[in-house]
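Overview (structure and organization)
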Amino acid sequence: MLTAGERAPDFELAGLSGARFTRSAISREHPVLLAFFKVSCPVCQYTFPFLERLYRGRSNQEIGMYAISQDSAKATREFHKEFGVSMPTLLDKEAEGYPASNAYGLSQVPSLFLVEPDGVISQALMGFDKKGLIELGQRLGKAPFEPGESVPEWKPG
């Protein structure tokens, strides 16, 4: 898996609406968080409500957030409905050989990458990483966890 300091590969993926997006376009002017997931992944199911909390509450609107699903549009929409996800979502399709997941060297999900406008990855997280999500929240201006909320330090993907 790619790590902080490495260049983020470009990709072109369809969104749930069918429009096509490239990594270089969505991160051209502002940082962007890419959050890879699979709907059947229990750790993704656990992590995404916290990511959604960051997405909805971020005070730094200049940082974009995109979920990247390794599943069909139908399954992804069902995941969004069940787990309350509203962030824009791109589809990394199996039929196309998972081009983005492979370019980023994914071996498990969830995997998160914060990509700066210059194309360099400034943060890379694998699995559920409490400390990493707190750091990400500081950058976004929103805490991912509520006071008194009991969450583990880490869960493997």
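The structure this text deals with has already been given above.
Anyway, here's the lowdown on the structure attached to this text. (Residues numbered from 1 in each chain as written. Predicted model: local features only at pLDDT ≥ 70, side-chain atom pairs only at ≥ 80, totals over all residues. Heavy atoms only, no water.)

1. Remarks on the overall build of the protein
A count of helical and extended segments in the protein gives 5 helices and 9 strands. Written out in order from the N terminus, the α and β elements of the protein read β-β-α-β-α-β-α-β-α-β-β-β-α-β. The principal-axis extent of the C-alpha atoms belonging to the protein is close to 45 × 35 × 25 Å. Within the protein, buried positions represent 47% of all 157 residues. Counting contacts in the protein only where the partners sit at least 6 residues apart, residues at least 24 apart contribute 67% of the total. Of the roughly 7300 Å² that the protein leaves accessible, carbon and sulfur atoms contribute 51%. Looking at charge distribution, the protein has the averaged site of its 17 positive side-chain charges lying 4 Å from that of its 19 negative ones. (Helix = DSSP H or I, 4+ residues; strand = E, 2+ residues; numbered from the N terminus. Buried < 20%, exposed > 50% of the residue type's maximum accessible area, 1.4 Å probe, protein only. Contact = heavy atoms within 4.5 Å. Areas by Shrake-Rupley, 256 points an atom, 1.4 Å probe, with all protein chains shown as cover. Lys, Arg positive; Asp, Glu negative; His and termini not counted. Charge placed at Lys NZ, Arg CZ, Asp CG, Glu CD.)

2. Looking at helix α3 (residues 73-83)
Buried within α3 are the following residues: Thr-76, Phe-79, His-80 and Phe-83. Buried residues of α3 fall within an arc of 100° about the axis and therefore sit on the same side. Away from its buried face, by an angle of more than 90 degrees, α3 presents the exposed residues Lys-74, Lys-81 and Glu-82. In this structure, the buried residues of α3 make contact with β3 (32-37), α2 (42-57), β4 (64-69) and β5 (89-91). At the C-terminal side of α3, Gly-84 shows a positive phi close to 70°. (Arc of directions from axis to C-beta.)

3. Points about the side chain of Ser-111
In this fold, Ser-111 is placed in strand β6 (residues 111-115). Residue Ser-111 is classed as buried on the basis of its relative accessible area, which comes to 0%. Engagement of the side chain of Ser-111 in a polar contact is seen with the backbone oxygen of Gln-108, the distance being 2.7 Å. If near-sequence neighbours (up to four positions away) are discounted, Ser-111 is found in contact with Met-1, Leu-34, Ala-35, Phe-36, Leu-106, Leu-125 and Met-126. (Polar contact = N/O pair within 3.5 Å; in protein donor to acceptor, adjacent residues only side chain to side chain.)

4. A few points about the side chain of Arg-23
Relative to the elements of secondary structure, Arg-23 occurs in helix α1 (residues 23-26). The side chain of Arg-23 sits in the buried core without any salt bridge; Asp-10 is the nearest counter-charge, 4.4 Å away. Polar contacts involving the side chain of Arg-23 include one to the main-chain carbonyl oxygen of Ala-8, which spans 3.0 Å. Excluding anything up to four places from it in sequence, Arg-23 contacts Ala-8, Pro-9, Asp-10, Phe-11, Leu-34, Tyr-104, Val-115 and Gly-119. (Salt bridge = Lys/Arg side-chain N within 4 Å of Asp/Glu carboxyl O.)

5. Details of the pairing of β6
Judged by how many residues are buried, β6 sits mostly within the fold: 5 of 5 residues are covered. Neither face of β6 is open: one carries Ser-111, Phe-113 and Val-115, the other Leu-112 and Leu-114, and all of them are buried. Relative to β6, β3 runs antiparallel, the two sharing 5 bridges. When the sheet's bridge partners are listed, Val-32 is paired in β6 with Val-115. Pairing between β6 and strand β7 (residues 121-126): 5 bridges, direction antiparallel. (Pairing = 2+ DSSP bridges.)

6. Focus: the sheet that holds strand β2 (residues 20-22)
Ordered by their spatial adjacency, 7 strands build an open sheet running β2-β1-β5-β4-β3-β6-β7, and the pairing between neighbours is mixed. This sheet does not close on itself; its edge strands, each paired only once, are β2 and β7. Pairwise comparison of adjacent strand axes, ignoring direction, gives a mean angle of 30° for this sheet. Pairing of strand β1 (residues 12-15) with β2 involves 3 bridges; the strand directions are antiparallel. Note on β2: the bridge partner recorded for Leu-13 is Phe-21. Sheet contacts for α2: β3, β4 and β6; angle to β3, the most-contacted strand, approximately 160°. Against the sheet, helix α5 (residues 130-140) contacts β3, β4, β6 and β7, and its axis sits at roughly 140° relative to β7. (Axes fitted to C-alpha atoms, helices over the stretch in contact; angles between N-to-C directions.)

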